[in-house]
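Results of the structural survey
The residues making up each chain are set out below.
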Amino acid sequence: MRGAGARPEPVRILLCDDHAVVRAGLLALLGSAPGIEVVGEAGSGEEAVAMASHLRPDVVLMDLQLGPGIDGVEATRRIAPTGVHVLVLTTYDTDADITRAIEAGATGYLLKAERPEELFAAIHAAAQGRTTLSPPVASRVMDRMRGAAGPTLTDRERDILGQLAHGLGNREIARALFISEATVKTHLGRIYAKLGVDTRAGAVAVAKEQRLLP
């Protein structure tokens, strides 16, 4: 049992990045940080999952793109349920990457362009289960939340969107819904406008992302 004046236990970190040079740089950087101890290095998603199970670190510092094998998102999805916090550290800040990582259970999402002090603070926050997002990432998340309600589609537009998702052409959709091809084209124009796309594939992709499909 530690006395009242004893130092707190350091945050135990597992690094996961497929580039050895990057890992070496992070190892040197984190070695200078007070209250942080690197307990392992993984070069792949599979290795990170195995090492997280064995070492039980407080935080896994996870890159997203990991070469062959499972990516950082899938590794996060496997690690997060075990109670080990995952802090994503990556160069990628697309909406899709952010959404996938957060939905997989990432505690935080940091960009590699952040200052070392921001990384240290994020690691300590992640160890306590608190979320830290890089400012650009936070802005994207807020934008998505503001638009979370998504566009309002009519029942007929949803029906047509569902047929699109099954790969049906205009003539097939018309037959399936007992309407004319001209009506299908009119509805498609309205769907494209509401979803902000100009292709069938784009409409399906946005519909899946915003959970608009029946």
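Residues numbered from 1 in each chain as written. Predicted model: local features only at pLDDT ≥ 70, side-chain atom pairs only at ≥ 80, totals over all residues. Heavy atoms only, no water.

1. Some points on the sheet that holds strand S3 (residues 59–62)
Counted only if it meets this: Two strands pair under a simple rule: DSSP has to find at least two bridges between them. Secondary structure elements follow DSSP: runs of H or I of four or more residues count as helices, runs of E of two or more count as strands, with numbering from the N terminus. Angles shown run from 0 to 180 degrees and are taken between the N-to-C directions of axes, each axis being a line fitted to C-alpha atoms and, for helices, limited to the stretch in contact. We call two residues in contact when some of their heavy atoms are within 4.5 Å.
With respect to topology, 5 strands assemble into an open sheet ordered S2-S1-S3-S4-S5, the strand pairing being parallel. Unpaired on one side and paired on the other, strand S2 (36–42) and strand S5 (108–111) mark the two borders of the sheet. Going across the sheet, the axis of each strand differs from the next one's by a mean of 25°, ignoring polarity. Bridge count between S3 and strand S4 (residues 85–90): 4 bridges; the pairing is parallel. Directly across from Leu61, in S4, lies its bridge partner Leu87. Here helix H5 (residues 116–127) sits on the sheet in contact with strand S1 (11–16), S2, S3, S4 and S5, set at roughly 160° to S4.

2. Points about the pairing of S1
The following threshold applies: Working definition: with a 1.4 Å probe on protein chains only, accessible area under 20% of the residue-type maximum means buried, over 50% means exposed, and in between means partly exposed.
Across the 6 residues that make up S1, a large majority, 5, are buried. Note: S1 against S2, 6 bridges, orientation parallel. The residue of S2 that forms the bridge with Val11 is Ile36. Here S1 runs beside S3; their pairing, made up of 4 bridges, is parallel. Counted as the bridge partner of Leu15 is Leu61 from S3.

3. What about the packing of helix H1 (residues 20–31) against H5?
Applicable threshold: We call two directions roughly parallel when the angle between them is under 35 degrees, roughly antiparallel when it is over 145, roughly perpendicular when it lies between 65 and 115, and oblique otherwise. Residue polarity is assigned by list, with Asp, Glu, Lys and Arg as charged and Ala, Val, Leu, Ile, Met, Phe, Trp, Tyr, Cys and Pro as nonpolar; anything else, Gly included, falls into the polar class.
Where H1 meets H5, the axes come as close as 11 Å, and the angle between the chain directions of the two elements is 80°. With respect to H5, the element H1 is oriented roughly perpendicular. Between H1, through Leu26, Leu29 and Leu30, and H5, the contact on the second element is made entirely by Pro116, Leu119, Phe120 and Ile123. The class makeup of the residues in the contact of H1 with H5 is 7 nonpolar, no polar and no charged.

4. Observations concerning the confidence of the model for the protein
Worth spelling out the cut-off: Every residue gets a pLDDT, meaning the predictor's confidence in that residue, from 0 to 100.
Considering every residue of the protein, the mean pLDDT works out to 88; 92% of them sit at 70 or more. Per-element averaging of pLDDT across the protein places helix H6 (residues 135–146) at the bottom with 70 and S3 at the top with 97.

5. Remarks on the pattern of salt bridges
Note the threshold: Each salt bridge in this description consists of a side-chain nitrogen of Lys or Arg and a carboxyl oxygen of Asp or Glu lying within 4 Å of one another.
Across all of its chains, the model carries 10 salt bridges by this definition. Here Glu181 and Arg171 are joined by a salt bridge, their closest N and O atoms 3.4 Å apart. Taken together, the residues Glu181 in helix H9 (residues 181–195) and Arg171 in helix H8 (residues 170–177) connect sequence positions 10 residues apart. Judged by relative accessible area, which is 31%, Glu181 ranks as partly exposed. Overlapping salt bridges bring together Asp17, Asp63 and Lys112 as one network.

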